[in-house]
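One-letter residues, chain by chain:
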Amino acid sequence: MTADLLITGISQLVTARGRGPKHGIAMRDLHITGDAIVAIQRSKILWTGDSKAWSGTASQTIDLGGRAVVPALIDPHTHAVWAGDRLADFDARTSGANYEDILRAGGGIRSTIAATVNASPESLIDQATPRIEAIVRSGAATIEVKSGYGFETAAELRMLEAVAELRQRTPARLLATLLIHIPPTQPEARSAYIVEVCESLIPEVARRQLASAVDIFVEQEAFHTHEAATILHCAQQHGLGIKLHSEQFQRIGGLELGIGMGALSVDHLEACAPAQLSLFVNRGTVATILPGVSLHLGIPAAPGRNLIDAGAAVAVGTDLNPGSSPLFSTAAALALAVRLNGLTAAEALIAGTVNAACALDLHDTGRLEPGLRADFLVLQSPDWRDLVYTLGANPVAEVWIAGNRVPNLTEPS
Ligand SMILES: [Zn+2]
């Protein structure tokens with residue numbers, strides 16, 4: 001066996017094994033190899049295992065000197081493209097103002113929509129670039145990025161074009177999702193908006209391959225279940241994956257709809273009821289939880305512990321967005337999932353790697369096995385658990401994406 005590159009001096013090589021999402025107790029099933037080697041051929045993993053079992057040759061060898069290696073993280077839920085900021089909202093809220101006060105003062109999500117709609121494409125890309133860099137520095141090699149602050153068709157397309165353009169600026173793999181975020185304020189305009197989404201926006205996004213999935217916000221104050229069903233059905237007819245923001249504040253049937261339609265993931269779940277936990281059992285739909293929102297808004301955390309105990313496959317994302325989760329670190333999202341959602345360290349790692357990959361319908365990353373992409377992290381520490389233990393410092397020393405080390409990782413730009 002001949003490798004291009006041999007990574008040696010790995011104190012612990014840590015990974016889940018086997019294709020598909022890990023459910024329930026399988027989320028603790030990590031394989032840890034001491035004194036390990038990873039052999040890389042082009043962009044892929046050629047071999048992994050105990051250093052004493054390696055008998056091949058390599059063109060180049062890098063000795064890590066006794067640090068842990070885990071699969072690169074996957075952030076399955078971000079809104080990393082937006083314009084403007086919500087600092088005044090944050091200041092007002094933490095000074096005692098309620099949501100209605102903030103809306104009256106011109107804040108809230110509609111202020112982000114106004115700023116995003118009015119931003120030039122170049123400005124959207126320039127503002128998103130350092131956010132993507134921060135997420136990569138935190139360990140994510142694959143990042144999902146949603147539209148949803150454009151509202152109107154042209155502005156939604158501009159957001160997705162910005163994601164396409166961002167691919168030129170980062171070594172990370174960016175997956176774009178069309179998010180149908182909020183309905184028109186006038187009730188009588190809702191049905192016309194849904195027709196526009198189904199007859200114009202989704203077909204155009206599919207034709208130009210601007211996104212691989214469609215997401216919809218199902219909530220009393222957003223889209224209702226029958227409206228979501230129409231839009232998600234249209235997405236499926238155009239060959240796009242589907243996912244939902246659901247059960248964040250209320251239960252209006254979004255979770256049942258998503259699982260019934262075979263959604264890749266149902267995300268949020270803070271208001272998930274005990275009777276709903278078992279809906280994820282033996283399903284391909286991943287339960288994606290977003291602890292940054294619970295921390296930032298002070299809302300109850302999703303029942304991550306109970307979901308896993310009931311047999312769900314749980315993933316974790318940052319939900320990076322200006323209003324409810326200004327969390328620029330995928331590693332920190334995992335650290336928060338341990339504290340706020342009751343995951344163990346092993347469950348958090350699986351939630352942020354193989355399960356997050358499955359939430360994006362990716363099966364070539366998220367594990368360290370021969371034939372998969374060589375997407376992995378070198379941690380600062382010899383013990384992989386520092387990844388989810390550390391708060392406020394970056395536990396990630398190196399990010400490797402498709403067999404290449406991301407340069408200048410420690411230099412914020
Ligand atoms: Zn979100």
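Everything below is about the structure printed above this text.
Residues numbered from 1 in each chain as written. Predicted model: local features only at pLDDT ≥ 70, side-chain atom pairs only at ≥ 80, totals over all residues. Heavy atoms only, no water.

> How should I be thinking about the overall build of the chain in this particular structure?
Secondary structure summary: the chain contains 14 helices and 15 strands in total. On C-alpha atoms alone, the chain measures out to a radius of gyration of 21 Å, which is about the 22 Å that the 2.2 N^0.38 rule sets for 413 residues. By principal-axis analysis of the C-alpha atoms, the chain measures approximately 70 × 45 × 45 Å. Looking at the 413 residues of the chain, the share that counts as buried comes to 58%. For the chain, the share of sequence-separated contacts (at least 6 apart) that also reach a separation of at least 24 residues comes to 73%. Here the chain displays about 15800 Å² of accessible surface, and carbon together with sulfur accounts for 51% of that area. Each charge sign in the chain was given a centre, from 31 positive and 42 negative side chains, and these centres are 5 Å apart. (Helix = DSSP H or I, 4+ residues; strand = E, 2+ residues; numbered from the N terminus. Rg over C-alpha atoms; globule rule 2.2 N^0.38 Å. Buried < 20%, exposed > 50% of the residue type's maximum accessible area, 1.4 Å probe, protein only. Contact = heavy atoms within 4.5 Å. Areas by Shrake-Rupley, 256 points an atom, 1.4 Å probe, with all protein chains shown as cover. Lys, Arg positive; Asp, Glu negative; His and termini not counted. Charge placed at Lys NZ, Arg CZ, Asp CG, Glu CD.)

> What should I look at first to understand the pattern of salt bridges in this one?
Two side chains that carry opposite charge are able to pair once their charged atoms sit near each other. Taken as a whole and assessed by the stated rule, the structure comprises 19 salt bridges. Notably, a salt bridge pairs R28 with E347, separated by 3.0 Å at the nearest N-O pair. Within this pair, whereas R28 is found in the loop between β1 (2–15) and β2 (31–41), its partner E347 is found in helix α12 (residues 345–352), the two being separated by 319 residues in sequence. Here E227 and R190 are joined by a salt bridge, their closest N and O atoms 2.8 Å apart. Linking E227 in helix α7 (residues 225–237) with R190 in helix α6 (residues 190–207), this pair joins segments that are 37 residues apart in sequence. Overall, the relative accessible area of 7% leaves E227 in the buried class. Judged by its relative accessible area of 16%, R190 falls in the buried class. Taken together, the salt bridges that share partners define one network made up of R28, R305, D309 and E347. (Salt bridge = Lys/Arg side-chain N within 4 Å of Asp/Glu carboxyl O.)

> In this structure, what is going on with the environment of A271? I would like to understand it.
Structurally, A271 is set in the loop between β10 (265–268) and β11 (286–289). Through-space distance from the C-alpha of A271 to that of Q220 is 13 Å; in sequence the pair is 51 residues apart. Those residues in contact with A271, other than ones at most four positions away along the chain, are E247, Q248, F249, Q250, R251 and Q276.

> I tried to follow the sheet that holds strand β13 (residues 376–379) on my own but got confused; where do I start?
Strand pairing within a sheet occurs via backbone hydrogen bonds; the two strands may be parallel or antiparallel. Within the open sheet, the seven strands sit side by side as β3-β2-β1-β4-β13-β14-β15. Their pairing is mixed. Edge positions in the sheet fall to β3 (44–50) and β15 (404–405), since each of these pairs with one other strand and no more. Across eight bridges, the pairing between β1 and β2 is antiparallel. Across the sheet, V14 pairs through a bridge with I32, a residue of β2. (Pairing = 2+ DSSP bridges.)

> Would you mind showing me how to read the coordination of the zinc ion here?
By definition of the ideal shapes, a tetrahedral metal site with four donors has angles of 109.5 degrees and an octahedral site with six donors has angles of 90 or 180 degrees. Bound to the zinc ion on the protein side are H77 (NE2), H79 (NE2), H245 (NE2) and D319 (OD), at distances that span 2.1 to 2.4 Å. Given four donor atoms and angles of 82 to 170 degrees at the metal, the environment of the zinc ion is assigned as irregular. The sequence pattern describing where the donors of the zinc ion fall on their chain is H-x1-H-x165-H-x73-D. Remark: H245 occurs in strand β9 (residues 241–246) and H79 occurs in the loop between β5 (73–75) and α1 (87–94); sequence separation between them is 166 residues. Both residues of the pair, H79 and H245, count as buried. (Donors = N, O, S within 2.8 Å, 3.2 Å for Na, K, Ca; no water. Tetrahedral: all angles 85-135°; square planar, octahedral: opposite > 155°, others 65-115°.)

> Before we go on, may I ask you to explain the packing of aromatic side chains in this structure?
To describe a pair of aromatic rings, one takes the distance between the centres and the angle between the planes. A full pass over the atoms with the stated rule returns four aromatic pairs. Centroid distance W47 to W54: 5.3 Å. Interplanar angle 55 degrees. Geometry classified as tilted. Overall, the relative accessible area of 16% leaves W47 in the buried class. Judged by its relative accessible area of 14%, W54 is buried. Their ring planes at 10 degrees and their centres at 4.6 Å tell us that F151 and Y193 sit as a pair that is stacked. Here F151, found in the loop between β6 (140–146) and α5 (153–166), pairs with Y193, found in helix α6; they are 42 residues apart in sequence, far enough to count as distant. The partly exposed category is assigned to F151, whose relative accessible area is 21%. Assessed through its relative accessible area of 11%, Y193 is described here as buried. One Lys or Arg, R131, reaches over the ring of W82 and ends 3.5 Å from the middle of that ring. (Phe/Tyr/Trp six-rings, centres within 6.5 Å; stacked < 30°, edge-to-face > 60°. Lys NZ or Arg CZ within 6 Å of the ring centre and 35° of its normal.)

> Would you mind showing me how to read the layout of surface pockets here?
Where empty space is left can be seen by rolling a probe of water-molecule size over the atoms. One number sums up the size of the largest pocket: a volume of about 1100 Å³. Around the largest pocket sit 42 residues that line it, and R86, Y99, G108, I109 and S324 are the ones nearest its centre. Taken together, the elements giving at least two residues each to the lining of the largest pocket come down to α1, α2 (99–104), α3 (109–118) and α9 (291–297). Top contributing element to the lining of the largest pocket by residue count: α1, with four residues. (1 Å grid on protein atoms, 1.4 Å probe; cavity = no way out; pocket = protein on both sides within 12 Å on 5 of 7 lines; lining within 4 Å. Points joined across faces, edges and corners; volume = space filled by probe spheres on them.)

> Before we go on, may I ask you to explain the sheet that holds β10 in this structure?
Here we have eight strands laid out as an open sheet, ordered β5-β6-β7-β8-β9-β10-β11-β12, and parallel in their pairing. The open sheet has two edge strands with one neighbour each: β5 and β12 (314–316). Put simply, the sheet's adjacent strands are angled 25 degrees from each other on average, direction ignored. Relative to strand β7 (residues 173–180), β6 is paired through five bridges, and the arrangement is parallel. (Axes fitted to C-alpha atoms, helices over the stretch in contact; angles between N-to-C directions.)

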